[in-house]
Every structure is written in structure tokens, then in C-alpha cells.
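Residue strings, one per chain:
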Amino acid sequence: MTDSHRNETAYCGLYCKDCIPSNEKLFTLVNELDQLLEELNFEKYAAVKSKRSSIFDKYDDFKSVLMEIKKIECKKGCFRGPESLLGCSKNCQIRECVIEKHLNGCWECEEYGKCSKLEKHKTFHPGLENNLDMIKEFGIDNWIDKRGIHYHWNK
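Scoring rules and cut-offs
Residues numbered from 1 in each chain as written. Predicted model: local features only at pLDDT ≥ 70, side-chain atom pairs only at ≥ 80, totals over all residues. Heavy atoms only, no water. Helix = DSSP H or I, 4+ residues; strand = E, 2+ residues; numbered from the N terminus. Core = buried A, V, L, I, M, F, W, Y, C linked by side-chain atoms within 4.5 Å. Buried < 20%, exposed > 50% of the residue type's maximum accessible area, 1.4 Å probe, protein only. Arc of directions from axis to C-beta. Contact = heavy atoms within 4.5 Å.

1. Details of unusual backbone geometry
Part 1: We note that Asn41 has phi near 55 degrees; this positive angle belongs to a residue other than glycine.
Part 2: Here Asn41 lies in the loop between helix 2 (24-39) and helix 3 (42-49).
Part 3: Look at His102: it is not a glycine, yet its phi comes out positive at around 60 degrees.
Part 4: Residue position: His102 is located in the loop between helix 5 (93-100) and helix 6 (116-124).

What follows is the structure, encoded as C-alpha cells:
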């Protein structure tokens, strides 16, 4: 594992590069598409086009979804260490707990299997407990290729 992989392992055991909000390519393309649509004045095109195809009546909905996608971008990740304060969640209870307990991550805590702070993450990230188990067993430098499924739909 490289230092960047180590740094991209969040306190909770998720690997930041698996997370959609940290997918740089996605947000580059979303921003390019948004800019191109503006340059082309696509809103007016859609209004004209809607006379022949009613799907273009939903262009405003499409733009709203595009803007919401832009809002979920995470540029800093949930890194461990001082830069973690710049991550996606400014008030992360997991980060606060790990720091308070002077741990490197949840994998060092004996309670992680039944931790209420991790429960909401486990429902969205089914491989979280596997990640914590793998980090605990193989160490922070040797777990990355053993990580679990990040999202339910990746099964």
C-alpha cells in the first residue's frame, strides 16, 4: 500500500477512493457537461425540442439532478490525521471518537463490532465491518486488496 492509500483509509475503515463523492472523473465530467450545456444555451434548445419530444419538458429536472450531483463532491476525503478536519463530514462523530480514544482508527477499538456510531455507515456500506476486520488482521498497509463491497449495488 502506498502512503496515499494509507491516508485515504478513513477512521471508520472505508477507503475514500471507493466512494462516489470522491470520484474525480465523475465530477470533472459533470462540471464539463454543465459548462457545455450553458455554452450551448441548451435550455432554449430543450424548450424548442419539447414540442416534438415531451421528454425535453423535463430538462429543468435533469439540470436540478446535475446540480445536486455537483453538491455531493468530496474534494478532501475522510483522511486520517490533521487533514481529516477538511473531509466530507465536518462533524464526524467517528473521527471525534477515534481521536478522543487516541486510536488510529475504529479497527483498534474493541467495540467496533457493536458500535452505534458505525451503524448508519454499515447500512449504506455493507463491507465496512469486513474492512475493519481486514485492517485489524493485516494492518493498515496490507488490507486494501481485501476490502469489502463499498455499496449494496456493487454486489
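2. Some remarks on the nonpolar core
Part 1: Of all hydrophobic cores here, the largest spans 21 residues; its most connected members are Cys12, Ile94, Cys106, Leu118, Leu128, Leu132 and Trp143.
Part 2: Sorting elements by how many residues they give to this core places helix 7 (residues 128-138) first, with four residues.
Part 3: Ranked by size, the runner-up nonpolar core spans five residues in total, among them Leu37, Ala46, Tyr59 and Leu66.

3. Notes on helix 5
Part 1: What helix 5 keeps buried is the set Ile94, Arg95, Cys97 and Val98. Here the buried residues of helix 5 occupy an arc of 165 degrees about the axis, which is enough to place them on one side. Residues Gln93 and Glu100 are exposed on helix 5 and point more than 90 degrees away from its buried face.
Part 2: Here the buried face of helix 5 lies against helix 6.
Part 3: In the stretch just after helix 5, His102 is the one whose phi turns positive, near 60 degrees.

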